[in-house]
Amino acid sequence: MSLVQDLADQLRVAREELPLPQVSAAAERLRSATGLLAWVLHHSATPVSVPDLSRAVERLDHAAAALRVAQDRLDEYALALGMPIDAQAHHHEGWQSAVPAQAPRGEASGSADCRLADWWGERVTALTGEEFSASTLLGDRADAAQSSAELLRRCVQAAHDGDRRRLHRHLAAAGPAVGLGLAAIAPPLLRRLAADLVGYPPRLEDLARVRRAALPLPAELLPALPAEAAAEIVARVCHTTPQRTADRAPTHPVDAATAAALLVAALLRANGRPADELNQIIEAERAAAGAAQQRAAERAEAHRAALRITDSGRRRSAVDELGRVTQPTRRRSGG
């Protein structure tokens, strides 16, 4: 073997040992953890204690990008040595496989231990009973919802049409980062729709009526969806503490997100409103939330102004008191 061929083999080994699959897998795991933490943050009584993993994901993405650049440079060096990349994989007898393809951003490639279980897609499949080939889901992901609000619109329309297969496609393609947001954006809409149903903000005594209107659709469309997932959301809408036994496991995040979307569709139907009116409700809720935030900011500013006035008054009183106490001393000392 010539010196150039030996160097080319060393380049191939160095390229293969770059830990791109491991880094990509770690980034994908952190993205899944970020989605779960977003759900935890929504339900946590102390949101400050929930960690933020976005910076760690960003660093891993930068590391993966740097590894891909290193792969490109090694390939360019091999080409400069006159060793085409396609020929490198089969030149040496000990080289049994082609150079691994570069993994797309956020996806892992390589050995089986680096592949990640699609916990989101697996749970969606368990709930809907629908399953698709990898090529079908890849096409769906190309047209996946880019926001939780858009995913909610699609899921509500699919539920309104009774199309379980379409509901599965929308949920599976969105992934956890977008899908878990359903559990966060749906409750304000549900409270508004429940208020439209009973004529005023729902209370404990309205729980039975809201349950009768909201729970049949999730049970009809997704029989595998645990009934407790939808029942807990309805209880919170009516400002009631959900009934939970000590031996029951917490609601799965995918169950909560899916149930929230189906409940929005159910209350729309109960109010006699078509699915395409959801956009108006979302915009109205956003406007109301913005007005509430503005009022809260004005109250906070008024409170801070009052504190500044109080502190200024206290400082003036302290100066006056200090002058009153020290005046006799200055007189005795001759000024």
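Everything in this summary refers to the structure shown in the same document. (Residues numbered from 1 in each chain as written. Predicted model: local features only at pLDDT ≥ 70, side-chain atom pairs only at ≥ 80, totals over all residues. Heavy atoms only, no water.)

### With respect to the pattern of salt bridges
Keep this limit in mind: For salt bridges, the criterion is a side-chain nitrogen of Lys or Arg within 4 Å of an Asp or Glu carboxyl oxygen. Buried, partly exposed and exposed residues are distinguished by accessible area as a fraction of the type maximum, computed with a 1.4 Å probe on protein chains only: under 20%, between the cut-offs, and over 50%, respectively.
Applying the stated rule across the entire model yields eleven salt bridges. Here R166 makes a salt bridge to D163, at a shortest N to O gap of 3.2 Å. Residue R166 is classed as buried on the basis of its relative accessible area of 19%. The class for D163 is partly exposed, based on a relative accessible area of 27%. Connected through shared salt-bridge partners, E150, R153 and R154 make up one network.

### Some points on the packing of aromatic side chains
The cut-off we apply is this: The pairing test for Phe, Tyr and Trp rings, Trp by its six-membered ring, is centres within 6.5 Å, and the orientation test on the planes gives stacked under 30 degrees, edge-to-face over 60, and tilted for anything in between.
All told, the structure shown has one aromatic pair when counted by the stated rule. Where W119 meets W120, the ring centres are 6.1 Å apart and the plane angle is 85°; that geometry is what we call edge-to-face. Its relative accessible area of 23% is what places W119 among the partly exposed residues. For W120, a relative accessible area of 1% corresponds to the buried category.

### So, helix α12 (residues 227-237)
What counts here: Numbering goes from the N terminus for both helices and strands, where a helix is a DSSP run of H or I of at least four residues and a strand is a run of E of at least two. The contact rule is simple, with two residues in contact once any of their heavy atoms fall within 4.5 Å.
For α12, the tally of buried residues reaches eight of eleven residues, placing the bulk of the element in the interior. Taken together, the buried positions of α12 are occupied by A229, A230, A231, E232, I233, V234, A235 and V237. Elements in contact with the buried residues of α12: α9 (182-198), α10 (207-214) and α13 (253-270). Positive phi shows up at H239, right after α12, with a value of about 55°.

### Description of the packing of helix α7 (residues 148-160) against α13
Definition in use: Only C-alpha atoms enter the line fits that serve as axes; for helices the fit covers just the stretch in contact. Angles between N-to-C directions range over 0 to 180 degrees. The cut-offs work like this: below 35 degrees is roughly parallel, past 145 is roughly antiparallel, 65 to 115 is roughly perpendicular, and the gaps in between are oblique. With the far helix as reference, a near helix turned anticlockwise by less than a right angle produces a left-handed crossing, and one turned clockwise produces a right-handed crossing. Lys, Arg, Asp and Glu make up the charged group, whereas Ala, Val, Leu, Ile, Met, Phe, Trp, Tyr, Cys and Pro make up the nonpolar group; the residues left over, Gly among them, are polar.
Contact geometry for α7 and α13: axes closest at 9 Å, N-to-C directions at 55°. With respect to each other, α7 and α13 are oriented oblique. Relative to α13, the crossing made by α7 is right-handed. Along its contact with α7, which presents L152, C155, V156 and A159, the element α13 presents A261, L262, V264, A265 and L268. Across the contact of α7 with α13, the residue classes break down as nine nonpolar, no polar and no charged.

### Points about the environment of A159
Note on placement: A159 falls in helix α7. Sequence-wise, A159 and L222 are 63 residues apart; in three dimensions their C-alpha atoms are separated by 9.8 Å. Excluding anything up to four places from it in sequence, A159 contacts L217, L221, L262 and A265.

### Details of the environment of D255
The cut-off we apply is this: The definition of a polar contact used here is a pair of N or O atoms within 3.5 Å, where within protein one atom must be able to donate a hydrogen and the other to accept one, and adjacent residues in sequence count solely through side-chain atom pairs.
Assignment of secondary structure puts D255 in helix α13. The spatial distance from the C-alpha of D255 to the C-alpha of A224 is 9.8 Å, given a sequence separation of 31 residues. Setting aside chain neighbours within four positions, we find D255 in contact with R123, L127, L225, P226 and A229. One polar contact links D255 to R123, side chain to side chain, over a distance of 2.6 Å.

### What about the packing of helix α5 (residues 119-128) against helix α8 (residues 164-179)?
Packed helices, taken two at a time, are described by the angle between their axes plus the distance between the axes. At their nearest, the axes of α5 and α8 sit 9 Å apart, and the two run at 155° to each other. By the angle class used here, α5 and α8 are roughly antiparallel. α8 is crossed by α5, and the crossing has right-handed handedness. Contacts between α5 and α8 involve W119, W120, V124, T125 and T128 from the first element and R164, H168, L171, A172, G175, P176 and G179 from the second. Classifying every residue of the contact of α5 with α8 gives six nonpolar, five polar and one charged.

### Quick notes on unusual backbone geometry
We note that H239 has phi near 55°; this positive angle belongs to a residue other than glycine. Position of H239 among the secondary structure elements: in the loop between α12 and α13. Of the residues examined, H239 reaches a relative accessible area of 60% and is grouped as exposed.

### Remarks on the side chain of T251
Turning to its location among the elements, T251 is positioned in the loop between α12 and α13. For T251, a relative accessible area of 14% gives the class buried. Separated by 3.1 Å, the side chains of T251 and E232 make a polar contact.

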